[in-house]
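# Observations on the three-dimensional arrangement
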Amino acid sequence: MTKNKRTLTDISEIGEFSLIDRLTSGFKNRNKKTIMGIGDDAAIIDTGEQYTIITKDLLSEGVHFDITYSPLKHLGYKAVTSNLSDIYAMNGTPTHIFAGIAVSSRFSLEALQEIYKGIELACEKYNVDLGGGDTVSSKAGLFISVTAMGSVAPEMVTYRSGAKEHDLICVSGNLGGAYAGLLILEREKQVFKANPDMQPSLKDYSYVLERQLKPEARKDIVELLKEKNIKPSSMIDVSDGLASEIMHICKNSDCGASIYEEKFPLDKMTADVAHEFKIDPSTFALNGGEDYELLFTISQNDYEKIKDQQEISIIGHITDKSSGAKLITVSGNEVELRAQGWDAFKKEENED
Ligand code: ADP
Ligand code: MG
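The numbering scheme is per chain: residues are counted from 1 as the chain's sequence reads. Note on labels: chains are lettered from A, ligands numbered from 1, in written order. Per-residue local features are limited, in this predicted model, to residues with pLDDT of at least 70; the limit for side-chain atom pairs, both in listing and counting, is 80 or more; totals at the level of whole chains, interfaces and linings are taken over all residues. Calculated side-chain values reflect all of the structure's heavy atoms, with hydrogen atoms and water omitted.

### Digging into the overall build of the protein chain
Secondary structure elements follow DSSP: runs of H or I no shorter than four residues count as helices, runs of E no shorter than two count as strands, and numbering proceeds from the N terminus. Helix and strand counts for the protein chain come out as 10 helices and 13 strands. What the globule rule says is 2.2 Å times the number of residues to the power 0.38, and the radius of gyration is computed from C-alpha atoms. The C-alpha radius of gyration of the protein chain comes to 21 Å, within 12% of the 20 Å expected for a compact globule of 352 residues. Counting only C-alpha atoms, the protein chain reaches 60 × 50 × 50 Å along its principal axes. Using the Shrake-Rupley algorithm and a 1.4 Å probe, accessible areas are obtained, with residue cover drawn only from the displayed protein chains. Accessible surface computed for the protein chain: about 18800 Å², of which carbon and sulfur atoms make up 51%.

### A short note on the site of ligand 1
Here, proximity means that at least one heavy atom of the residue falls within 4 Å of the molecule or strand. F17, I20, T24, I38, G39, D40, D41, D57, D86, R160 and S239 make up every residue found near ligand 1. Here a polar contact is taken to be a pair of N or O atoms separated by no more than 3.5 Å, where protein atoms must pair a possible hydrogen donor with a possible acceptor and residues adjacent in sequence count only if both atoms sit in side chains. In the environment of ligand 1, an oxygen atom lies 3.0 Å from a nitrogen or oxygen atom belonging to the side chain of D41. Note that an oxygen atom of ligand 1 is positioned 3.2 Å from one of the side-chain N or O atoms of R160. Per-class residue counts for the shell around ligand 1 are three nonpolar, three polar and five charged. Under the convention adopted here, Pro, Cys and the residues Ala, Val, Leu, Ile, Met, Phe, Trp and Tyr are nonpolar, Asp, Glu, Lys and Arg are charged, and Gly plus all remaining residues are polar.

### Remarks on the domain arrangement of the protein chain
Interface extent is often summarised as the accessible area lost during association of the parts. In this document the domain limits rely on a domain assignment from an automatic tool or a database. As assigned here, the protein chain comprises domain 1 (33–152) and domain 2 (168–336). For domain 1 versus domain 2, the distance between C-alpha centres works out to 22 Å. Contacts between the two partners involve 24 residues from domain 1 and, on the opposite side, 22 residues from domain 2. Note: buried area is the sum, over both parts, of the accessible area (probe 1.4 Å) each one loses when the two are combined. With both sides pooled, the region where domain 1 packs onto domain 2 buries about 2000 Å², and carbon together with sulfur makes up 54% of that total. Area buried by domain 1 at its contact with domain 2 is led by Y69, K78 and Y88, which between them contribute 32% of it. In the sections that follow, a salt bridge refers to a side-chain nitrogen of Lys or Arg positioned within 4 Å of a carboxyl oxygen of Asp or Glu. In this assembly, domain 1 and domain 2 are joined by three salt bridges. Among the salt bridges present, the one from K189 reaches D66, with a minimum N-O distance of 2.5 Å. Any two residues whose heavy atoms approach within 4.5 Å at even a single point are treated as in contact.

### Quick notes on the coordination of the magnesium ion (ligand 2)
Sodium, potassium and calcium take a 3.2 Å donor cutoff, other metals 2.8 Å, and in both cases only N, O and S atoms count; water is not among them, so sites may look incomplete. Protein coordination at the magnesium ion (ligand 2): the donors are D41 (OD), D86 (OD) and D237 (OD), at 2.0 to 2.1 Å from the metal. Type-normalised accessible area, obtained with a 1.4 Å probe on protein chains alone, sets the label of each residue: buried when under 20%, exposed when over 50%, and partly exposed for intermediate values. A relative accessible area of 1% places D237 in the buried class.

### Re the packing of helix α4 (residues 177–194) against helix α5 (residues 206–213)
The convention used is that axes are lines fitted to C-alpha atoms, helices contributing only their stretch in contact, and that angles between N-to-C directions extend from 0 to 180 degrees. Taken N-terminus to C-terminus, the directions of α4 and α5 make an angle of 100°; their axes are 7 Å apart at the nearest point. Classified by the angle between their axes, α4 and α5 sit roughly perpendicular to one another. In contact with G177, A178, A180, G181, L182, I184 and L185 of α4, α5 contributes V208, L209, R211, Q212 and L213. Here the residues of the contact of α4 with α5 are counted per class, giving eight nonpolar, three polar and one charged. An angle counts as roughly parallel when it lies under 35 degrees, as roughly antiparallel when it exceeds 145, as roughly perpendicular when it falls between 65 and 115, and as oblique in every other case.

### Structural notes on the packing of aromatic side chains
Where two aromatic rings form a pair, the distance of their centres and the angle of their planes describe that pair. Any two of the Phe, Tyr and Trp rings considered here, Trp counted by its six-membered ring, make a pair once their centres fall within 6.5 Å; the pair's planes then place it as stacked at under 30 degrees, edge-to-face at over 60, or tilted in between. Applying the stated criterion across every chain, the model contains two aromatic pairs. Here Y88 and Y126 contribute two aromatic rings whose centre-to-centre distance is 6.3 Å and whose plane-to-plane angle is 50°, an arrangement assigned as tilted. Of this pair, Y88 sits in helix α2 (residues 72–89) while Y126 is found in helix α3 (residues 109–126), placing the two residues 38 residues apart along the sequence. When its relative accessible area of 3% is taken as the criterion, Y88 is described as buried. Centre to centre, the rings of Y179 and F284 are 5.0 Å apart; their planes meet at 90°, and the pair counts as edge-to-face. Within this pair, whereas Y179 is found in helix α4, its partner F284 is found in helix α9 (residues 281–287), the two being separated by 105 residues in sequence. Here Y179 falls in the partly exposed class, since its relative accessible area comes to 21%. Judged by relative accessible area, which is 0%, F284 ranks as buried. Sitting over the face of the ring of Y77, K214 holds its NZ or CZ atom 4.1 Å from the ring centroid. A ring has a charge above it when a Lys NZ or an Arg CZ is no more than 6 Å from the ring centre and no more than 35 degrees off the ring normal.

Structure below.
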């Protein structure tokens, strides 16, 4: 390990986005039909009247889920919905999924069937077909990989790159709930480990637990925008926390942004959990992950169409690039946004 230390780069030092960039920046698209390759929520392929959308996610046991508290049916459901969220982020309609699993003999047929019951439930709810997949054995835990496909009219695709100065920044639903749920689950797991006779006290936290364990994708928001005749100028789903997603929009759209802390949509239970853990609830919204809400920008001309929508909050506006990505705090301070989000390769404290 130490022998080559000087020449080898430790991936924990460069972060997930830089890693993807370093691995893929040398690739050129060779097919004229590739409209969008790497770099957005999903790839866009020109397949005629309707473009095809494709995206892939991989969930790894112990990193993305913990089977000591994640019901297997929910896990299957989440593996699908978290993926469909990227299809909706392109303003598309999902049509198919493909599921790959790597399993160890530790899992029974019945356990795997539970995962597939969840996959089926999501297929039913979101009207998608399971088109295939792959099944292999694993010596290191459970892995679930889902590829999702969808379609969208060419003129309706929403990229991360279309935001314009003065556009309004909107977000669906509420933020930080999934992280609140995760903190509760982790806390109860530790309590249980210390004393297996203690029953976890989870019933007061049902909403945030559901946000973590069984998230929905915002099909309804894409449908609402269509109904209101609004095409967002840019869109991304919130999988890594608001700060990280705002910064993606700024980078890809070559712009700045100002978001206002007082406008953050926070559910009461999320705020209560934050207070219980003595953490600022805004931190949950900015840096918590896995909310699977949609973050999008619209022209100010569309303001009237959206202003009374309960499920959509206007949290700020797009500025010029030189202004940077800023958070205006409740007390009126301007703070530069930093994407703390989930750093997938950050070393655990007790790791070598
Ligand atoms: P999201 O959070 O929306 O799923 P990611 O941050 O995971 O998006 O990925 C950003 C972009 O990088 C996407 O276009 C994705 O397809 C691409 N990407 C991620 N990992 C890889 C990889 N290992 N090889 C090729 N492309 C990748
Ligand atoms: Mg995404």
